[in-house]
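Each chain, written out:
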Amino acid sequence: MIPRDVAIAVMIALAALALLAMLLAWRRRLRRDAGLAAPLGVPEHAEVLDRHQVLYVSTTKHDQPLERLTMSPLAYRARGEVAVTDRGLALCLDGAPTVFLATERLAGVDRATVTIDRVVEPGGLVRVAWNAADDTVVDSYLRVTDGDPKNFISALQRLVPASDAGDDITTDTGEQS
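So, how was this worked out
- Residues numbered from 1 in each chain as written.
- Predicted model: local features only at pLDDT ≥ 70, side-chain atom pairs only at ≥ 80, totals over all residues.
- Heavy atoms only, no water.
- Helix = DSSP H or I, 4+ residues; strand = E, 2+ residues; numbered from the N terminus.
- Buried < 20%, exposed > 50% of the residue type's maximum accessible area, 1.4 Å probe, protein only.
- Patch = residues over 30% accessible without salt bridge, like charges linked within 9 Å, V, L, I, M, F, W, Y side chains within 5 Å.
- Areas by Shrake-Rupley, 256 points an atom, 1.4 Å probe, with all protein chains shown as cover.
- Salt bridge = Lys/Arg side-chain N within 4 Å of Asp/Glu carboxyl O.
- Arc of directions from axis to C-beta.
- Contact = heavy atoms within 4.5 Å.
- Core = buried A, V, L, I, M, F, W, Y, C linked by side-chain atoms within 4.5 Å.

Undergrad: Would you mind going over the overall build of the protein with me for this structure?
TA: Counting secondary structure elements, the protein contains two helices and ten strands. Taken from N to C terminus, the helices and strands of the protein fall in the order α-β-β-β-β-β-β-β-β-β-β-α. By principal-axis analysis of the C-alpha atoms, the protein measures approximately 70 × 35 × 30 Å. Residues classed as buried in the protein amount to 39% of the 177 residues present.

Okay, here's the thing in C-alpha cells:
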C-alpha cells in the first residue's frame, strides 16, 4: 500500500504537469497566431446604425468553430458592445481597445450554435466572418444580450460586400438562414 504522503505528492505533481502542459500549449498558440491582429480604431464621422450589448465568445479559423485563434485583442472572452456603423462594425470590449471591421473586411454574417467553449440554443450566437489578412478569413462569435439579434444581423448583412453574401449561408445547425 502506498503511503498517503506519497499519493498526495504524486497527485500534486500530476496536477502541476497538467497546468504546465496547458501553459505551454497556450504560449505555442500565441506564437502561432502572432501574425494575425484585429484592426483597431473607429474612423471619424462613422454614423451608428445599430448598437447592442454582447458577450464576445471567440474568434476561430473560418468554418472551424473549435479552432480558437489568439489574435490581439480578441484572445479572451469579454462583455462589450457592438455598433454597426455606415462604415463597418465596431466591437468595444471591456478592457480592450475598440476593434473596427471595415465594410471591405466583412465576408458574411449568420447564426451559429457552437464555438469553442460555448454551446447555446440553436442560432443563439452571431457569427461574423471577416478578413484578418489578405488570404485569412476568420469567424468571430458574439452573443447578443439585450434582445433578439435579428436587427443586428440585418443591419450587418446590409454592409457585407456583394449584397447576396448573407443569402444561402448554412449555419452549423444545418438550417438555411
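Undergrad: Any chance you could explain a nonpolar patch on the surface here in plain terms?
TA: Taken together, the side chains of Ile-2, Val-6, Val-10, Met-11, Leu-14, Leu-17, Leu-20, Leu-23 and Leu-24 make up a nonpolar region of the molecular surface, amounting to roughly 870 Å² of accessible area. Considering the arrangement of structural elements, one finds Leu-14 in helix H1 (residues 4–32). When its relative accessible area of 48% is taken as the criterion, Leu-14 is described as partly exposed.

Undergrad: What is the right way to read helix H2 (residues 150–159) from this model?
TA: Counting along an α-helix, one turn takes 3.6 residues, and residues three or four places apart therefore face a common direction. Here H2 has its buried residues at Phe-152, Ile-153, Ala-155, Leu-156 and Leu-159. Buried residues of H2, viewed axially, fall in a sector of 165 degrees; they line one side. Away from the buried face of H2 by more than 90 degrees, exposed residues Lys-150, Asn-151 and Arg-158 are located. Of the surrounding elements, those touching the buried residues of H2 are strand S1 (48–61), strand S3 (78–85), strand S4 (88–93), strand S6 (106–112), strand S9 (125–133) and strand S10 (136–144).

Undergrad: Where do I start with the environment of Asp-5 in this structure?
TA: With respect to the helices and strands, Asp-5 occurs in helix H1. Each C-alpha atom of the pair Asp-5 and Ala-102 lies 59 Å from the other, and the pair is 97 residues apart in sequence.

Undergrad: Help me understand the environment of Gly-88, please; the structure alone is not making it clear to me.
TA: Looking at the secondary structure, you find Gly-88 in strand S4. Residue Gly-88 is classed as buried on the basis of its relative accessible area of 0%. The spacing of Gly-88 and Ala-102 is 14 residues in sequence and 4.2 Å in space, taken between C-alpha atoms. Residues in contact with Gly-88, not counting those within four places in the same chain, are Ala-83, Phe-100, Leu-101, Ala-102, Thr-103 and Leu-159.

Undergrad: When you look at the nonpolar core in this model, what are you seeing that I'm missing?
TA: Across soluble globular proteins, you tend to see nonpolar side chains buried next to one another. Ranked by size, the top nonpolar core spans 30 residues in total, and within it Met-71, Leu-74, Leu-91, Val-128, Trp-130, Phe-152 and Leu-156 carry the most contacts. Contributions of two or more residues to this core are made by S1, S3, S4, strand S5 (99–102), S6, S9, S10 and H2. For this core, the leading source of residues is H2, giving five residues. The residues contacting Met-71, other than those within four sequence positions of it, are Leu-36, Ala-37, Ala-38, Thr-59, Trp-130, Ala-132 and Val-138.

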